[in-house]
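Descriptive analysis of the structure
Listed here are the chains, written in short residue letters.
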Amino acid sequence: MERQFMVSRVSAPTMRQLGDVIPLPASVRPDASADFRITSDVSVSAAPAAAAVADELAEVLRRSTGFPVPRGEDGAVRLHLDDSDEVKSPESYRLDIAADGVTLSAPTQQGLFAGLQTLRQLLPESLAAEVVLPGGRIEDEPRFAYRGTMLDLARHFYSPADIRSYIDTIAQFKINYLHLHLTDDQGWRLEIEGWPRLTEVSGGEGTGIDGQGPGFLTAQEYTDLVAYGETRFVTIVPEIDLPGHVNAAQVAYPELTTDGEPVQPRTDAEVGYSSLVADKEITYTFVEDVIRVVAALTPGPFLHIGGDEALSTTAEDYRTFMTRVLPMAGKYGKRAIGWHEMAAVDLPPTAVPQYWRIEPADGGVTRAAQAGHQVIMSPADRSYLDMKYDDASPLGLDWAGLLGVERSYDWDPADRLPGVGEESLLGVEAPLWSETLRSLADVHYMAFPRLLAIAEIGWTPRADRDWTSFRRRLAEYGPRFEAQGVNYHRSPEIDWK
Ligand code: TNX
């Protein structure tokens, strides 16, 4: 549908189709007779419990229309909290667009927030001459409860301001968990009460890859970030990587090494050379202190204990260590997540293995799923945002192969491992490791647009997913990313607007 307007001040108006949203909603019923033309007297009404989402919606409307958009009684845009239907997902919502106005209803504020993200995508991202919303009804809820991404703060530190900005961007695509990889061989990025040298030494100058740095989150900064995430319904999952990937901890506290001798700081990208010592008591004093402190700072349900690539820990020591450490998460009120290597041991019932392998071998995850464990799917060849897009990618690694946009979209987490189907999946996560990254702009370049593919895999009913449709819808996000200052990769796979 082409329309001509003679306006130079602002972008030419184009009305979007009701389903032109990422992730694609579960049910979209357009009604061409019910388009809503937004006029200068538009206001937003909402019950007090929905005030935060209502304020944000008013701001989004102001940005695209330039109208004052006050809050008022009986506005043309209405928010309803309706918790009468208890079977609905807390993230579900219904969006009705009719000729006389818009109604967004949901059982929770979280659902209203999800609906707001949909509505925002149906509006122009910046000031437009005339704004018309496409008529009809969207009824929506997520396929999986966990739709995550991970940021590696250990190899390169990102400031709280960068992380907040990243939360704002990912929340638009209904990503609801941000996993922070806080510790590794190079650096330790979260202040731990009682163990000050972790951050004084290993959060200091020169502790990033190739000697970048410094950086760490104070306990207060972390708390503030968690609270910020809550306002965007993004839950922080902190990771303390154990028993491997611990050189930074051992640099700070040599008593954590086998012989108690100091070790050298490392800022190269090797993995698998460091390990906590399974038969030293100080190991468990340290780990329990850290888990207790991190659990106390984290209101969310999960604590990630790492467990990956412990290549210099014997299988027996790994088992001894994990068997003792995994229950500590539960002791301090958290569900443990761990990279799938941890599935080699008998897990506490609520523990969640996160599968990252590229080969079909399952690392014990099938057995864990059959024992009733929920699993997070993050296969590196499909979901690792640190893989290069193609041979020309200036950033990224390629050990799991090249990962173009179609390849990151065209797979399904329920097909990945036999015996780990839909009902075994807590959800999907796209990790982003930082070895080759130096800034938030680099993070954007790797995450966008591929994170949108993972977001759609996590949210949209499987049967409704389709690459041709996704590719067409994604093309619209070029100008939207530009308007938001998001440094996305203009992949040649997409006919970007
Ligand atoms: C493997 S996969 C790692 C990380 C690296 C990453 C680089 C996994 C759980 N661990 O230590 O940063 O590869 O892609």
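The structure displayed is predicted, hence computed values, not measured ones. (Residues numbered from 1 in each chain as written. Predicted model: local features only at pLDDT ≥ 70, side-chain atom pairs only at ≥ 80, totals over all residues. Heavy atoms only, no water.)

**Looking at helix α5 (residues 219-231)**
Because each turn of an α-helix spans 3.6 residues, side chains separated by three or four positions in sequence point in the same direction. In this model α5 runs 19 Å from its N-terminal to its C-terminal C-alpha over 13 residues, within 8% of the 18 Å that 1.5 Å per residue would give. Burial in α5 covers these residues: Tyr222, Leu225, Val226 and Gly229. Looking down the long axis of α5, one finds its buried residues gathered within 100° of arc, a one-sided arrangement. Two residues or fewer past α5, Phe233 is found with a positive phi of approximately 55°. (Helix = DSSP H or I, 4+ residues; strand = E, 2+ residues; numbered from the N terminus. Expected span 1.5 Å × (residues − 1). Buried < 20%, exposed > 50% of the residue type's maximum accessible area, 1.4 Å probe, protein only. Arc of directions from axis to C-beta.)

**Let's talk about the pattern of salt bridges**
For the coordinates displayed, the defined rule picks out 35 salt bridges. A salt bridge links Lys331 to Glu288; its shortest N-O distance comes to 2.6 Å. Residue Lys331 is located in helix α8 (residues 315-331), and its partner Glu288 is located in helix α7 (residues 281-297); the two are separated by 43 residues in the primary sequence. Residue classification places Lys331 among the exposed residues on the basis of a relative accessible area of 56%. The partner of Arg357 in a salt bridge is Glu359, and the shortest N-O contact between them spans 2.4 Å. (Salt bridge = Lys/Arg side-chain N within 4 Å of Asp/Glu carboxyl O.)

**A short note on unusual backbone geometry**
In the segment running from Gly213 into Pro214, the intervening peptide bond is cis, with an omega of -5°. Within the secondary structure, Pro214 is located in the loop between α4 (197-202) and α5. That bond from Phe448 to Pro449 is cis: its omega, 20°, falls within 30 degrees of zero. Along the chain, the position of Pro449 falls in the loop between α12 (440-447) and α13 (450-459). Phi angles above zero are rare outside glycine, and Asp74 is one such case at about 60°. By relative accessible area, which is 76% here, Asp74 ends up exposed.

**Description of the sheet that holds strand β11 (residues 235-242)**
Spatial ordering of the closed barrel is given by β9-β10-β11-β12-β13-β14-β15-β16, a layout of eight strands whose pairing is parallel. Averaged over all pairs of adjacent strands, the angle between strand axes in this sheet comes to 30°, irrespective of strand direction. Two strands pair when backbone bridges link them, and strand β14 (residues 352-355) and strand β15 (residues 375-377) are joined in this way by two bridges, in the parallel orientation. Residue pairing in the sheet places Tyr355 in a bridge with Met377 of β15. (Pairing = 2+ DSSP bridges. Axes fitted to C-alpha atoms, helices over the stretch in contact; angles between N-to-C directions.)

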